[in-house]
Amino acid sequence: LTGNDSTATGKGVLGDTKTFNTLLNNNGSYLVDRTRGDGIFTYDAKNRTRTPGTLWLDSDNVYNAAYDGAAVDAHAYAGQTYDYFQNVHNRNSYDGNGAQLVSTVHYGRSYNNAFWSGSQMVYGDGDGSQFIPLSGALDVIAHELTHAVTDTTADLIYQNESGAINESMSDIFGTLVEYHFNNNPDWQVGEDIYTPNVAGDALRSMEDPTLSGDPDHYSKRYTGTGDYGGVHINSGISNKAAYLLANGGTHYGVSVNAIGNDKAGDIYYRTLTQYLTPNSNYSHFRASTIQAATDLYGASSAEVASVKAAFSAVGVN
Ligand code: ASN
Ligand code: ZN
Ligand code: CA
Ligand code: CA
């Protein structure tokens, strides 16, 4: 693909106008961003289920059509997530080596999900009642891309406790990216694309996982076989701990002093990339996070004390 690097404007899923990087040649404008790593490429599945589909091509470099919104957000938010990992954690793309970021939008018909396929991100349009196009949420895009970071680092097995930690890491960095760019941030996940006719809800709450029926304490963990052994359920245990670590609070009588998002992010990033392993369980997660905080702040630091309290508050010892 040859052409000239350019910038374009367009409207996202929620109708917000934004600027993003494109590549122009005689054919028109491609959703190709060559300014980050080995590039960011956004494709159209055209409501079928083949990936990656067709590289997105626009006639005039103005992406204001309703059909463009899912692609605009997938492209722009992949760039923001790239920037978070590069600028905050000095990580060049998910593999640390500039790997191309490929996204496909308009996957299937009324498809109510988004996923990391093992090599790219994929976003459905939703059915319009449970979901609108899922790339419209920065926390969702950062969640999916964090799965790629996890797969190239700790490689947490996607079932049972290691799978719940894998899921929670995606929710944690999804939320930290949303805060980093001040994109209507909160400690909920997917609120921007979930149930457009219901205000104030979300796919998951990290502040109170029980709002979506998920446990907020290890003693309440799910031990069945559904959802790969509850990976999106038991993530609530660690999500609540992360919320407490960043924001502070008292939970089941255990008080945690806030350390803020930035320190929490540095601790979890070091935990994920240096200490967790494919079979890590919640107990190992606690020990690993304490070790990461000790490396960064010292064994007798307030930060290590807060990590210990956060895990204790959710019953992980
Ligand atoms: N959206 C889901 C996730 O990222 C898809 C899945 O269950 N793998 O966890
Ligand atoms: Zn996930
Ligand atoms: Ca959110
Ligand atoms: Ca809603």
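Before reading further, recall that the structure is shown in the block above.
Within every chain, residues take consecutive numbers counted from 1 along the sequence as written. Lettering for chains starts from A, numbering for ligands starts from 1, and both go in the order in which the items are written. Thresholds applied to this predicted model are a pLDDT of at least 70 for local features of residues and 80 or more for the giving and counting of side-chain atom pairs; totals over whole chains, interfaces and linings are not thresholded and use all residues. Only hydrogens and water are set aside when side-chain values are computed; all heavy atoms of the structure are taken into account.

**As for the pattern of salt bridges**
Note on definitions: salt bridges are taken to be side-chain nitrogens of Lys or Arg within 4 Å of carboxyl oxygens of Asp or Glu. Across all of its chains, the model carries 9 salt bridges by this definition. Residue arginine 36 is joined to aspartate 33 by a salt bridge in which the shortest nitrogen-to-oxygen separation is 2.7 Å. Exposure remark for aspartate 33: the relative accessible area of 2% places this residue in the buried category. When the shortest N-O distance is used, the salt bridge between aspartate 295 and arginine 270 registers 2.8 Å. With a gap of 25 residues between them, aspartate 295 in helix H7 (residues 282-297) and arginine 270 in helix H6 (residues 261-275) connect regions that are remote in the sequence. Since its relative accessible area comes to 33%, aspartate 295 is described here as partly exposed. Taking the relative accessible area as the measure of exposure, arginine 270 reaches 27% and is therefore partly exposed. Taken together, the shared-partner salt bridges in this structure form one network comprising Asp16, Lys18 and Asp73. Note on classification: 1.4 Å probe, protein chains only; a residue is buried when its accessible area is under 20% of the maximum for its type, exposed when over 50%, partly exposed between these limits. Working definition: helices are DSSP H or I runs of at least four residues, strands are E runs of at least two. Numbering for both runs from the N terminus.

**Considering the site of ligand 1**
If even one non-hydrogen atom of a residue comes within 4 Å of a molecule or strand, that residue is called near it. Near ligand 1, the surroundings consist of Asn113, Ala114, His143, Glu144, His147, Tyr158, Glu167 and His232. The definition of a polar contact used here is a pair of N or O atoms within 3.5 Å, where within protein one atom must be able to donate a hydrogen and the other to accept one, and adjacent residues in sequence count solely through side-chain atom pairs. Between histidine 143 and ligand 1, the recorded distance is 3.3 Å, taken from a side-chain N or O atom to an oxygen atom. Surface accessibility in these figures is a Shrake-Rupley result with a 1.4 Å probe; residues are shielded only by whichever protein chains are displayed. Across the complex, the protein chains shield 75% of the 270 Å² of accessible surface that ligand 1 would expose by itself. Sort the elements by how many residues they give to the shell around ligand 1 and helix H2 (residues 138-151) lands first, with 3 residues. Across the shell around ligand 1, the residue classes tally to 2 nonpolar, 4 polar and 2 charged. The classification used treats Ala, Val, Leu, Ile, Met, Phe, Trp, Tyr, Cys and Pro as nonpolar, Asp, Glu, Lys and Arg as charged, and all other residues, Gly among them, as polar.

**Some points on the coordination of the zinc ion (ligand 2)**
A 2.8 Å cut-off from the metal defines N, O and S donors, relaxed to 3.2 Å for Na, K and Ca; water is not in the atom list, so some sites may appear incomplete. For the zinc ion (ligand 2), the protein coordination sphere consists of His143 (NE2), His147 (NE2) and Glu167 (OE), at 2.0 Å. All donors of the zinc ion (ligand 2) come from a single chain, and their spacing in sequence reads H-x3-H-x19-E. Here glutamate 167 lies in helix H3 (residues 160-180) and histidine 143 lies in helix H2, a separation of 24 residues in the sequence. We classify histidine 143 as buried; its relative accessible area is 4%. Using a relative accessible area of 0% as the deciding quantity, one classes glutamate 167 as buried.

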